[in-house]
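Now for the letters of each chain:
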Amino acid sequence: MLLVKLFGAKWRLVLSALFICALILELGYCQKDAQEHRTTPGRKPKPTKPKLGKATNKGPRAVTAKPKVKATPAAKGQTLLTQVLNKGKFKKLGETLSVQAGSILELRCKGKPVQWGVPSYLEEDDDGRLRIVQHERYGVLTLVNSTGADTGEYTCYPMYCEDTDCRKEYDKAVKVFVFFPDPQELFVPSSDYYEVIQLRTNWPTLLPCQVTSPEAKVTLHREFPPSEVAVDGAEISFNVRRGFTIHRPRPHHAGALYCVASLGNLRQSSTKYMLIYVNYPMAPPAPVIQASSSSVALGENLHVSCTVMGEQDVVVDFTWEYPGQQIGRPLYTQESVRPDGGGGAARQQSQSVLLVEEVREVDQGTYTCTAQNLQGAKSASTTVKVVAKAKPKKP
């Protein structure tokens, strides 16, 4: 019995020791298991320097999307215009794009926000076919039931915003010229049978016969006498997006002209353009005013001349302001134009002379002449004094 008691006590000590050991092992295992459970499944454990990794992860989150668009030059320069082909498929655009008439045009422009520019035809009336939607990071332009008349330039303008004030960034605009080929219309339709265009000597002249297809062959023709106008690329050039440009207009370019387009078996004529030659001066006139006398006696006649030396065939208009105007004294003028042979270039003298007969006291004061041409107007003035008529000397 004593032996049993001794062995019983011994076994109790052994069992107690084993229990304590198992408890220690279990605690260690739980700690290890807890550590494993804290690691997110599917991810690698944190690096040995968690502080550096933590700071790196916070870096991108510290910069919000709004300042990137509004203030960061790199972000503003990332304006991108694409064509939406199908859901999830996009095509980066160049200078031109062809979309068959009747199809849907969908353009996407990166930016928040953006504004769109469309051909004037669509600006005036789109019949509900045009839809523009601004999403969080891009704008979308959608045009349905397209026609050849929709041919033209489509522009996306990124906006620079400060609070609620936004303005277009014209220098960062992205443009694409969209053709809508129509098997029945080679030219963009126009409601005008003819269009009057001035030929200015100092400005290129554009004949805007735009075609709906870039594949169309276009020629320029004169109505009277019927003939085709030579297009050499220097004096006259052609751009499929704009039309024909006369770079240095001359009198022989004036008259009735039109364009002819041909594609396959189809051949069509454009609107007629009535070209009127106008010799535009290089600068406003420089009038010189001179009175027949700065001091005129009562009852005598006064002549005040206003002279302009300028380019040949340039029309100059004269207007006058004079003291007698206040009491309704009528205006009498004589105007003339004559060529001036001096100098190498052809020039002319334009002149207006104000006639004042039987001068009165009311005719004393300032005389102002204003000369005007197509470039502007300038004035010149002179002052005339009226004195008493000298008494005749006794014999």
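Structural notes, computed from the coordinates. Bear in mind that the values here come from a model prediction, so they are computed numbers and not experimental data.

## Overview of the overall build of the protein chain
So, point 1. If you tally the helices and strands in the protein chain, you get five helices and 27 strands.
So, point 2. When the 395 residues of the protein chain are sorted by exposure, 33% land in the buried category.
So, point 3. Here the contacts in the protein chain between residues at least 6 apart in sequence split such that 65% fall between residues at least 24 apart.
So, point 4. Here the protein chain has roughly 26,100 Å² of accessible surface; of this, 53% comes from carbon and sulfur atoms.

## Here's the deal with the side chain of R222
So, point 1. Among the secondary structure elements, R222 is positioned in strand β13 (residues 217–222).
So, point 2. E235 provides the closest opposite charge to the buried, unpaired R222, separated from it by 8.4 Å.
So, point 3. Separated by 3.2 Å, the side chain of R222 and the backbone oxygen of H252 make a polar contact.
So, point 4. With residues up to four places along the chain from it excluded, the contact list for R222 reads S227, V229, H252, H253, A254, G255, A256, L257 and Y258.

## Remarks on the state of the cysteines
So, point 1. The tally for this structure, following the rule as stated, stands at three disulfides.
So, point 2. Bridging C209 to C259, the disulfide has an S-S length of 2.2 Å. Because the sign of the S-S torsion sets the handedness, a value of about -65° for the bond joining C209 and C259 places this disulfide among the left-handed ones. You can see C209 sitting in the loop between β12 (205–207) and β13 and its partner C259 sitting in strand β17 (residues 255–263), a full 50 residues away along the chain.
So, point 3. For C259, a relative accessible area of 0% puts it in the buried group.
So, point 4. A sulfur-sulfur distance of 2.0 Å marks the disulfide that ties C306 to C369.

## Quick word on the sheet that holds strand β16 (residues 243–246)
So, point 1. In spatial order, the strands read β12-β16-β15; together these three strands make up an open sheet with antiparallel pairing. With one partner strand each, in any of the chains shown, β12 and β15 (236–239) form the two edges of the open sheet. Averaged over all neighbouring strand pairs, the angle between strand axes comes to 25°, with direction disregarded.
So, point 2. Here β12 runs beside β16; their pairing, made up of three bridges, is antiparallel. Its bridge partner lying in β16, L206 is registered against T245.

## Overview of a negative patch on the surface
So, point 1. Together, E123, E124, D125 and D127 make up a negatively charged patch on the protein surface.
So, point 2. Tracing the chain through its elements places E123 in helix α5 (residues 120–124).

Here is what the cut-offs are and how they apply
- Residues numbered from 1 in each chain as written.
- Predicted model: local features only at pLDDT ≥ 70, side-chain atom pairs only at ≥ 80, totals over all residues.
- Heavy atoms only, no water.
- Helix = DSSP H or I, 4+ residues; strand = E, 2+ residues; numbered from the N terminus.
- Buried < 20%, exposed > 50% of the residue type's maximum accessible area, 1.4 Å probe, protein only.
- Contact = heavy atoms within 4.5 Å.
- Areas by Shrake-Rupley, 256 points an atom, 1.4 Å probe, with all protein chains shown as cover.
- Lys, Arg positive; Asp, Glu negative; His and termini not counted.
- Salt bridge = Lys/Arg side-chain N within 4 Å of Asp/Glu carboxyl O.
- Polar contact = N/O pair within 3.5 Å; in protein donor to acceptor, adjacent residues only side chain to side chain.
- Disulfide = S-S within 2.5 Å.
- Pairing = 2+ DSSP bridges.
- Axes fitted to C-alpha atoms, helices over the stretch in contact; angles between N-to-C directions.
- Patch = residues over 30% accessible without salt bridge, like charges linked within 9 Å, V, L, I, M, F, W, Y side chains within 5 Å.
- Charge placed at Lys NZ, Arg CZ, Asp CG, Glu CD.

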